[in-house]
Structures are given as C-alpha cells and as structure tokens.
Number of protein chains: 2
Amino acid sequence: MQKIRLGIVGYGNLGRGVQYAVSQNADMEVVAVFTRRDPSAVKTVLPVRVESVDKMKEYTGKIDVMILCGGSATDLPVQSAQIVKLFNTVDSFDTHAKIPAYYEALDAAAKSGGHVGAMSIGWDPGLFSLARIYFGAALADGSTYTFWGKGVSQGHSDAIRRVAGVKDARQYTVPVKSALERVRRGENPQLTTREKHTRECYVVAEEGADLARIEKEIKEMPDYFADYDTTVHFISEEELKKNHSGIPHGGFVLRSGKSAAENKFLMEFSLKLDSNPEVTSSVLVAYARAVYRLHKEGKTGAVTVFDIAPKYLSPLSEAEQRASLL
Amino acid sequence: MQKIRLGIVGYGNLGRGVQYAVSQNADMEVVAVFTRRDPSAVKTVLPVRVESVDKMKEYTGKIDVMILCGGSATDLPVQSAQIVKLFNTVDSFDTHAKIPAYYEALDAAAKSGGHVGAMSIGWDPGLFSLARIYFGAALADGSTYTFWGKGVSQGHSDAIRRVAGVKDARQYTVPVKSALERVRRGENPQLTTREKHTRECYVVAEEGADLARIEKEIKEMPDYFADYDTTVHFISEEELKKNHSGIPHGGFVLRSGKSAAENKFLMEFSLKLDSNPEVTSSVLVAYARAVYRLHKEGKTGAVTVFDIAPKYLSPLSEAEQRASLL
C-alpha cells in the first residue's frame, strides 16, 4: 500500500506531536520536516529528514499533505495561504474572532492552487466544535456550554511572565465544579465569565521582587485575569519544574435541553489530556487522512471539521466502519 | 422560506416524538402521518393530516423526506427499500448484525429511485457511532468502550412479559460504575459482558403465580439475562405504573489511549435522556434536514451518520456555523 506522504511545517511541541501521532498510523509517513531554523540544529524525536522552509517547493508531487504546526498569531495567517497553493494543508488556526477572514483567504488560495486546506483542526476548535454542532442539531431546544480545564493556558502563562519581577510562571484554567453541576442538573443557568472558570497561577519571582505588587498586577490584568477569580501562588523554580512541567488540558461541552413534551435531555462530551499539543497533533493527523481522500475525489478549497464527513477520518473502509463502528 | 416537507410513516412512540421534534425546528413541517391502522383511529399529539399508507404514492412531489418510524425487526426491512424508491427516507434501523445487508438493499433501491436513504439514525446507532468513529480516528492507540443505561430496554421488558405468569414488566440496563471508573482511570480493562452491565427487572406477577419459578426463568434466559447479574423485584401493578412508566435511557462512549510519547488521553461522550424515543426522533429530524440538502446536491443512495458532514445537520448557514460554533 502506498502510504499517505506528509510534511511537517514548524517543529515545536505541535510538530513533535505530529511526528509521534504519525508513528501510530500505519497508512502514513512523514517525508520531511520544514523549519525556518538551521535544519542541522533541529533535533527530532524520531528519525526524519529536516529541510529549510525554502526547499518546500522541491517537494511538490512528493508530499500529499502539509501539516502546518506554526502559531495562530503570526505564523499561520502568513503561511497557510502560500503553502496551500502548492500542497494540501491541515492547520490548527484557533483565533476565534479571525476565523471568517482566515477562511476566506485560505479558500481562495486553496482553490487557485487546486488543493484542500483544512483549518482550525484540533480539539477546540475541532472536536469541541463537532460536539457543539451535533448537539445543537440533535437537540433544537437547549443551551450549549463549553468549559475548559483543568489545564495549562500558554497564553495566560506568557502574560504573567511579562509582569516585571516574574521569572517564570504557569497558569491553570479551572472549570467551576458547581457551575458544571448546575448545567448537568438541567438548570440551564446564565453563567458569567467569573462563574464558569477560575485561574490558578504558579509564579516564580525574581530575588527581592515585590510579591504583593506582582500579585496585584496579575489579578488586575484586563482580558486575561480581571474578569476571573484568580489565585496566585509563589513557588520556587525547582517546584515549578517538578510539579508544573506538563501541559495537561481538557474540558467539557454540554447541551441541556428539553423536548416539546417537556422531557429533559443532557449531552456531554469531555476530554482529559495529559498533553494538550499531542492531542491536537493526533487530530491533525486524522484530518490529514481526510484531506488526502477529499483531494483525491476532486475537492478543492478551505474546509473545517463541519465540512468533512466522519468516514474520511477513519483508516477503516466504509464497509468495515458500518460493520464495526455503527 | 419554503419549509422542508416531511412525512411520518408509523405513529407509535417514535412517530409522536418526530412530530414533537419538528415543532421545535422552524424550517420544517409535517405534511402527513401515514398509518397501517384506520386513519380516523389515530390520535396525534399535534394537529396533522393522517393518511393510510396506501395513499403514500399520491404524495410524490409533495413530501421531501419520509421519516420511517417502524420497528427494526419486521417493519423497516420491508418498508424502507420500497419507500425510498418514491421518497428520500430516514430510519432508525438498529439490528447491528443485519446492518451490512440492510445497507446494500437500501442503497440499490435508493439509487434506482434517485433518492437518499439515511439508515441507522438515532443515538445508538447514531450519536454513539459518531463518538466511536471520531474518537477512534483521533486517538489511534486506544480502546473504545460503550456502556448503556441506566435505561429501559424494550426488548428485555418484552422478553420478561413472555414468561408464563408475568402480567407486566420493566427492565433496566445499568452500567457497572466500578467498570466505568476503571476505564476512566485509563486501566484499559478487558471487560466481560457481566462486568459491564447489570439488569434490574420490575415484574408484576399474575395472582397465585410461582414467583420463584418466574425469577429462575428470567435469570436463566439465554441471550437476554443468562450472561448478566440480574435482579428481579416483584411489585404491584400500581407501583409499576407510578414509578416505572417513563422510558429513560442514556449511556457512555469512552476511549482511553496514549500517545507515542506515553501521555494518556481520555475522551468521553455521555447522554442522559428522560425519553429514549424522543431523542431518537430529534436526531431523525436533524438528519432529515441533511438528507433534504444532500438530495438537492444530487446525491443518491444509502447513507449513515458516517457519510454525512456535520454542516448538513445544522439549521445555521455555513458562514454562521464557522462564526458561532467553530
């Protein structure tokens, strides 16, 4: 069997995760990793060719799908529309407010190149989006809730690190259990930002820094912390390394509603992940399979998880799917 | 806006549920209910025309999708391939072992009639099947578990009613909590039938019946009870009516696995339903929307939940879906 030939663009946590995930799928292989760094300086977790991004063009016809592992802030908005002209792509673009514009740009570029570009793939957006659309369609009269955590938020950890006197930090987003329980009981509550999540910060301060001032600055930071009940724990660098070096995450999508006959329903999807980027990667790889198949069928343009029938994701044949999974 | 015009074939719990569910979806309407009984004897939960099944042909061009609400044992295997020649259809066929043969027959008939026939729609098969295929694709190295309940099994209740001396009965399928917890802890246990579910039976015996014999016959009944830890409670007819007249159900699909870097993941989907047929109906109605749209795009043949992209289910436009649900 001819394997699906993948490229990985960008080699951070996500790129490493993709390489690991591909090793668990017998129908795929990674042909090359592309980096903006000096290729010889990139140490991969499994053996693979590493190339400069400038060499990407030479791989036309040798790679079926490029998995874009850059960040949503600066990498993907520039890269995806360029790369999709040459290759099918999958990315994890997750800046919610910019999704419509990103879609339009990717769609136009993908169509002009005759490729498929799958965007916003991962667990949120991604699997959680699927739960939201399926639950909403299956229960027309209801309310949908998304809770995140307990898990590390990279963005919030970075925000703390920018406070003067902070050496390092780790921030956990924590869903409020009582709010989750109210949803599960079918109360259909209106929940404020503060009622849904709390924020727990583990902070390593520099020698002699003013801890009270740091704590105040964190707690009052607009957008990031001001709207939440935030707890700040000052800990040593050793403790941070020992107890907070993982990147766990998870969350819940719930829909609570009722039938026209007033019978109550609850649907709940939850994830618990020891490694946030490795699950995102694993989903990216499954959607690379779908993109490969869609492109073979003649499809072009941008697609999201909403546009892709589940059959395209599974390594099983359609008959096997019906016999064993339906 | 032209509404999607639906027909309901068969008017039991499922048919009533479909009528209720359509009343919650502004883009659809029920044109007529078709029954094998005397139409004048059918009392509907909301006002609607009731016709004899013999009149179905007269509705060609007046109904976009027929929702087949008959049973899987005898109704659907006969009806679906006939009706799909005249109309698009949605059904809840759930005899797992016969799905491949049913698919082939429906597919051939649907293609010959130029229609779409969506089969095995509901929550299991249906939403649970979706969880199994998505979870399996997203976590290549893991084990998937399905638990049902706590909920009423109509088939098992019927089986008890066939025991001599039994006047009425209700059977609950109950997932074993400790087994569920082992899966959630990531133990990836091998679970026997007995370890996953217990069966609780509430039985109304006839005057003077031999209760010990009834209990023994139930517990030793092959296929239905012999492989389970079964509890039999004898209760009065009044108690059965008062405490066991609902048709609640629910269940869990879990996938536990690990990345190639040995990080653990858990995905869980659960449902809690006060009315089993009303949720099945609600899902049937969402898929009727999808079938209508697929047929408009020129699609023909049999389809399952695996073949249908989620975008077809939602009443929102694709741009709205991306902006609000992704």
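Going by the structure above, here's the rest.
Everything in this summary refers to the structure shown in the same document. (Residues numbered from 1 in each chain as written. Chains lettered and ligands numbered in written order. Predicted model: local features only at pLDDT ≥ 70, side-chain atom pairs only at ≥ 80, totals over all residues. Heavy atoms only, no water.)

## So, the packing of aromatic side chains
- If you walk through the whole model with that rule in mind, you get 13 aromatic pairs over all chains.
- On the numbers, 5.6 Å between centres and 70° between planes, the contact of A:Phe128 with A:Phe269 is edge-to-face. Taken together, the residues span a long stretch of sequence, with A:Phe128 in helix H4 (residues 127-138) and A:Phe269 in strand S13 (residues 264-273) at a distance of 141 residues. Here A:Phe128 and A:Phe269 have matching classes, each one buried.
- Chaining the aromatic ring pairs together yields one cluster made of A:Trp123, A:Phe128, A:Phe269 and B:Phe135.
- It is A:Lys196 that lies over the ring of A:Phe147; its NZ or CZ is 5.2 Å from the centre.
- Cation over ring: B:Lys150 sits above B:Tyr172, and NZ or CZ is 4.9 Å from the ring centre. (Phe/Tyr/Trp six-rings, centres within 6.5 Å; stacked < 30°, edge-to-face > 60°. Helix = DSSP H or I, 4+ residues; strand = E, 2+ residues; numbered from the N terminus. Buried < 20%, exposed > 50% of the residue type's maximum accessible area, 1.4 Å probe, protein only. Lys NZ or Arg CZ within 6 Å of the ring centre and 35° of its normal.)

## Describing helix H1 (residues 13-22) of chain B
Residues and elements named next belong to chain B.
- Counting buried positions along H1 gives eight out of ten residues, so the element sits mostly inside the fold.
- All of the buried residues along H1 are Leu14, Gly15, Gly17, Val18, Gln19, Tyr20, Ala21 and Val22.
- Where H1 is buried, its residues meet strand S1 (4-9), strand S2 (28-35), strand S4 (65-68) and helix H10 (276-296). (Contact = heavy atoms within 4.5 Å.)

## Re the sheet that holds strand S7 (residues 142-148) of chain A
- Judged by pairing direction, the sheet is antiparallel, and its six strands sit side by side in the order S7(A)-S12(A)-S13(A)-S13(B)-S12(B)-S7(B) without closing on themselves. Looking at strand neighbours, the two that pair on one side only are S7 of chain A together with strand S7 (142-148) of chain B, the edges of this open sheet. Adjacent strand axes in the sheet meet at a mean angle of 5° when their direction is disregarded.
- Here ten bridges tie strand S12 (residues 249-258) of chain B to strand S13 (residues 264-273) of chain B, and the two strands are oriented antiparallel to one another. Its bridge partner lying in S13(B), B:Arg255 is registered against B:Met267. (Pairing = 2+ DSSP bridges. Axes fitted to C-alpha atoms, helices over the stretch in contact; angles between N-to-C directions.)

## A short note on the relation of the copies chain A and chain B
- Once chain A has been moved 0.0 Å along the axis and rotated by 180°, it coincides with chain B to within an RMSD of 0.1 Å. Expressed as an axis order, the relation between the two copies is that of a two-fold axis. Among all residues of chain A, the one whose C-alpha sits closest to the rotation axis is A:Ala309, at a distance of 1.9 Å.
- Interface residue correspondence from chain A to chain B reaches 100%, placing this contact among same-surface, isologous pairings. (Least-squares fit on C-alpha atoms with pLDDT ≥ 70 in both.)

## So, the environment of A:Pro189
- Topologically, A:Pro189 is positioned in the loop between helix H6 (177-184) and helix H7 (193-196).
- Excluding its chain neighbours within four sequence positions, the residues that come into contact with A:Pro189 are A:Tyr145, A:Arg182 and A:Val183.

## Considerations on the interface of chain A and chain B
- The interface of chain A with chain B comprises 62 residues on the first partner and 62 residues on the second.
- Buried area between chain A and chain B, both sides added, is near 5400 Å², and the carbon and sulfur share of it is 64%.
- Taken together, the links from chain A to chain B amount to two salt bridges.
- Between B:Asp307 and A:Lys311 there is a salt bridge, with the nearest N and O atoms lying 4.0 Å from each other.
- At the surface where chain A touches chain B, the tally comes to 25 residue pairs in polar contact (both at pLDDT 80 or more).
- At the level of secondary structure, the elements contributing two or more residues to the side of chain A that touches chain B comprise helix H3 (99-113), H4, S13, helix H10 (276-296) and helix H11 (318-324) of chain A.
- Taken together, the residues that form the side of chain A that touches chain B break down as 35 nonpolar, 14 polar and 13 charged.
- Across nine bridges, the pairing between S13(A) and S13(B) is antiparallel. In the sheet register, A:Met267 faces S13(B), and the bridge partner there is B:Leu271. (Buried area = accessible area lost by both parts, 1.4 Å probe. Salt bridge = Lys/Arg side-chain N within 4 Å of Asp/Glu carboxyl O. Polar contact = N/O pair within 3.5 Å; in protein donor to acceptor, adjacent residues only side chain to side chain. Nonpolar A, V, L, I, M, F, W, Y, C, P; charged D, E, K, R; others polar.)

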